[in-house]
Amino acid sequence: MSNSPAKMQRRFPREAIQYGDKRIPAAKIECSKCGSVAYHPDTGLNDDDYFRKKGWSVGRGPAADVCSECQKRRPELKVVKMEKPEAPKVEPPREMGREDRRIITDKLDEVYDDKAGSYKAPWTDAAVSRDLGVPRAWVSEVREQFFGPEGGNPEFDAFIEQSAPIIAEMKNMANSLRIQSERFKELEPRISELERMGRRIERELGR
Ligand SMILES: [Zn+2]
């Protein structure tokens, strides 16, 4: 492997920094990932070498400079990605245990109408499964065994099934609009302020 890229010197922006009680010029490097900065006051070293010694990965240009913290963070992400595909293979489908059965029974006691022989609206096997975070098949099994038919209106069940994620998404959107609207209210008075300032300057310039 050739070492030649190390010899290629980058030009870094210079800034005056406080050093003790005086201001001295220093080369500045900025992390392209997190925006943290480091300075190199004149030590006699090349800027590149100095920043590398301090743990920076010095790229061909500013967009490729990475601080030591961000370099540490990267491999962790890779490890997580590699583990993910393995996980589903290892995990066998869980069987319904005594405790699962009890939790489902308790919930069905609450949401199943014994007299009517169906769920109370808007409950369904799917809704109970979502609510408890258990497979829908378990809910159906316990219901069939100890309660009764699912009942209800299949069309309405389908409607509930399809509308739930949309309603959740709309709630998210509403929330994000609320935040944007608050931000807008903060900025609005400053717009008129800027407009007034603009008109005043226009007048003073005699346009
Ligand atoms: Zn960084």
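All values reported here derive from a predicted model rather than from experimental measurement.

A. Here's a closer look at the overall build of the protein. When you go through the protein residue by residue, the secondary structure sums to seven helices and five strands. Listing every helix and strand of the protein by position from the N terminus yields α-β-β-β-α-α-α-β-β-α-α-α. In the protein, which comprises 207 residues, the share counted as buried stands at 13%. Residue pairs at least 24 apart in sequence account for 48% of intrachain contacts in the protein once pairs closer than 6 positions are excluded.

B. Main features of the pairing of strand β2 (residues 22-30). Here strand β1 (residues 14-19) runs beside β2; their pairing, made up of six bridges, is antiparallel. Paired with Y19 across the strands is K22, a residue of β2. Between β1 and β2, which pair antiparallel and follow one another directly, the connecting turn spans two residues, one of which, G20, has a positive phi of 65°. In terms of strand pairing, β2 meets strand β3 (residues 37-41) through five bridges, oriented antiparallel. Note that in β3 the partner of K28 across the bridge is Y39. Where β2 folds back on β3, the antiparallel hairpin that results is connected by six residues, among which G35 adopts a positive phi of roughly 80°.

C. Quick peek at unusual backbone geometry. The omega torsion of the bond from A121 to P122 falls at 0°, within 30 degrees of zero and hence cis. For P122, the position within the fold is in the loop between β5 (118-119) and α5 (125-132).

D. Looking closely at the packing of α5 against helix α6 (residues 136-146). Two numbers describe how α5 lies on α6: the axes approach to 8 Å, and their chain directions differ by 120°. One element, α5, and the other, α6, form an angle in the oblique class. When the axes of α5 and α6 are compared, the crossing they make is right-handed. Contacts from D125, A126, V128 and S129 in α5 reach R136, V139, S140 and R143 in α6. Class assignment of the residues belonging to the contact of α5 with α6 gives a composition of three nonpolar, two polar and three charged.

E. Broad picture of the sheet that holds β1. Judged by pairing direction, the sheet is antiparallel, and its three strands sit side by side in the order β1-β2-β3 without closing on themselves. In this open sheet, the two strands that pair with only one neighbour each are β1 and β3. Across the sheet, the axes of successive neighbouring strands diverge by a mean angle of 50°, strand direction being ignored.

F. Just the packing of helix α4 (residues 98-111) against α5, in detail. At a minimum axis separation of 11 Å, α4 and α5 run at an interaxial angle of 130°. Taken together, α4 and α5 sit at an angle that is classed as oblique. Relative to α5, the crossing made by α4 is right-handed. Together, I103, I104, K107, L108 and V111 of α4 and V128, D131 and L132 of α5 make up the contact between the two elements.

G. Summary view of the confidence of the model for the protein. Per-residue pLDDT for the protein has a mean of 84; in total, 85% of the residues score no lower than 70. Per-element confidence in the protein ranges from a low mean pLDDT of 50 for helix α1 (residues 4-7) to a high of 95 for α4. Confidence drops under a pLDDT of 50 for residues 1-6, and excluding neighbours within four residues, the segment shows one contact in the predicted structure.

Definitions and limits used
Residues numbered from 1 in each chain as written. Predicted model: local features only at pLDDT ≥ 70, side-chain atom pairs only at ≥ 80, totals over all residues. Helix = DSSP H or I, 4+ residues; strand = E, 2+ residues; numbered from the N terminus. Buried ≥ 20, exposed ≤ 12 C-beta atoms within 10 Å, placed from the backbone. Contact = placed C-beta atoms within 7 Å. Pairing = 2+ DSSP bridges. Axes fitted to C-alpha atoms, helices over the stretch in contact; angles between N-to-C directions. Parallel < 35°, antiparallel > 145°, perpendicular 65-115°, else oblique. Left-handed = near helix turned anticlockwise from the far one by under 90°. Nonpolar A, V, L, I, M, F, W, Y, C, P; charged D, E, K, R; others polar. pLDDT = per-residue confidence, 0-100.

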